[in-house]
Amino acid sequence: MPRLPGTNVMLREYRKDDLPWIRHWVNDPDIVCHLSDIFLYPHAQESTEAYLEAMLEGNTDARGFVIADLATEAYIGQVNLDSIDWKNRVGKIGIVIGSTEHMGRGYGTEAMRLLVDFAFREMNLNRLELEVYDFNERAIRCYASCGFVQEGRLRERQYKNGRYWDVIQMGLLRSDWKKGANES
């Protein structure tokens, strides 16, 4: 995969030395509370190693990047296209910023814009989609600023922290992205 440079971050390949950074967040409740139930239970070292190895070898459905500092290439997080449907040209996005000190600095928004641009320009996808919990207002604002629109709401779909939450489904079409790119 190519490297995709932005203003403050770059999207780069996964590396073996990313393991400690990934291990840092996979069991951090302040990070994983916003993620899927794959992180409901403690994530074992072997599971994290297997995931990283699959990403390094390309033995997974996901195509992804590490979100890295532009100057130092240090790990900040990761953004992946999961479950790519090549026939219908659809990709599902997952993103994580791997430490609370990197949140709220615009890294996720910049990474999303880089990935969206790559997905439409280079991968020739027609549609990108994602799901987000309704309590994750920061992520919803990020996705909306990148052009995603709410397409659905699964009421009380997710149980977290002692209550049920809605899951918001968001999508971005290539045609809408093109309009936005031409208006900039």
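Parameters and conventions
Residues numbered from 1 in each chain as written. Predicted model: local features only at pLDDT ≥ 70, side-chain atom pairs only at ≥ 80, totals over all residues. Heavy atoms only, no water. Phe/Tyr/Trp six-rings, centres within 6.5 Å; stacked < 30°, edge-to-face > 60°. Lys NZ or Arg CZ within 6 Å of the ring centre and 35° of its normal. Axes fitted to C-alpha atoms, helices over the stretch in contact; angles between N-to-C directions. Helix = DSSP H or I, 4+ residues; strand = E, 2+ residues; numbered from the N terminus. Left-handed = near helix turned anticlockwise from the far one by under 90°. Contact = heavy atoms within 4.5 Å. Nonpolar A, V, L, I, M, F, W, Y, C, P; charged D, E, K, R; others polar. Buried < 20%, exposed > 50% of the residue type's maximum accessible area, 1.4 Å probe, protein only. Salt bridge = Lys/Arg side-chain N within 4 Å of Asp/Glu carboxyl O. Pairing = 2+ DSSP bridges. Core = buried A, V, L, I, M, F, W, Y, C linked by side-chain atoms within 4.5 Å.

Caption draft 1: Quick look at the packing of aromatic side chains. Counting across every chain of the model gives seven aromatic pairs. Pairing tyrosine 133 with phenylalanine 135 gives two aromatic rings, centres 5.5 Å apart and planes at 20 degrees, and the pair type is stacked. Three or more aromatic residues joined by ring pairs make a cluster, and in this case those are Tyr133, Phe135 and Trp165. Lying across the ring of tryptophan 165, arginine 163 places its NZ or CZ 3.6 Å from the centre.

Caption draft 2: Summary view of the packing of helix H4 (residues 107-121) against helix H5 (residues 137-145). The N-to-C vectors of H4 and H5 enclose an angle of 35 degrees; their axes lie 9 Å apart at closest approach. Where H4 crosses over H5, the two elements pack in a sense that is right-handed. In this structure, H4 uses Gly108, Thr109, Met112 and Arg113 to contact H5, whose residues at the interface are Cys142, Tyr143 and Ser145. The residue inventory of the contact of H4 with H5, partitioned by class, reads three nonpolar, three polar and one charged.

Caption draft 3: The environment of glycine 152, seen in detail. Inspection of the secondary structure assignment puts glycine 152 in strand S7 (residues 149-160). For glycine 152, a relative accessible area of 16% puts it in the buried group. Sequence separation of glycine 152 and glutamine 169 is 17 residues, and the distance between their C-alpha atoms is 4.9 Å. Other than its neighbours up to four places away in sequence, glycine 152 contacts Val167, Ile168 and Gln169.

Caption draft 4: Examining the pattern of salt bridges more closely. Taken as a whole, this structure holds twelve salt bridges when the rule is applied. The shortest N-O distance in the salt bridge between arginine 3 and glutamate 13 comes to 2.9 Å. Here arginine 3, found in the segment before strand S1 (4-5), pairs with glutamate 13, found in the loop between strand S2 (9-12) and helix H1 (19-26); they are ten residues apart in sequence, far enough to count as distant. On the basis of relative accessible area, arginine 3 is assigned to the partly exposed category, the value being 37%. A salt bridge links glutamate 73 to arginine 15; the nearest nitrogen and oxygen atoms lie 2.3 Å apart. Of the two residues, glutamate 73 sits in the loop between strand S3 (63-69) and strand S4 (75-85) while arginine 15 sits in the loop between S2 and H1, which places them 58 residues apart along the sequence. One connected set of salt bridges, linked through shared partners, spans Arg3, Glu13, Arg15 and Glu73.

Caption draft 5: Up close: the sheet that holds strand S6 (residues 127-133). Strand order across the open sheet formed by eight strands is S1-S2-S3-S4-S5-S6-S8-S7, with mixed pairing between neighbours. Among the strands making up the open sheet, the edge pair consists of S1 and S7. Direction of pairing for S1 relative to S2: antiparallel, over a ladder of two bridges. When the bridges of S2 are listed, proline 5 appears paired with methionine 10. Where H1 meets the sheet, it contacts S4 and strand S5 (90-97), and its direction lies at approximately 80 degrees from that of S4.

Caption draft 6: Up close: the nonpolar core. Within the largest apolar cluster, 35 residues are counted, with the highest numbers of intra-cluster contacts made by Met112, Tyr143 and Phe148. When contributions to this core are tallied by element, the ones reaching two or more residues are S2, S3, S4, S5, H4, S6, H5 and strand S8 (163-173). Sorting elements by how many residues they give to this core places H4 first, with nine residues. If sequence neighbours within four positions are ignored, phenylalanine 148 has contacts with Ile93, Met112, Val116, Leu128, Glu129, Leu130, Tyr143, Met170, Gly171 and Leu172. Core analysis: the second largest hydrophobic core is formed by 17 residues, Tyr14, Ile22, Leu52 and Ala62 among them.

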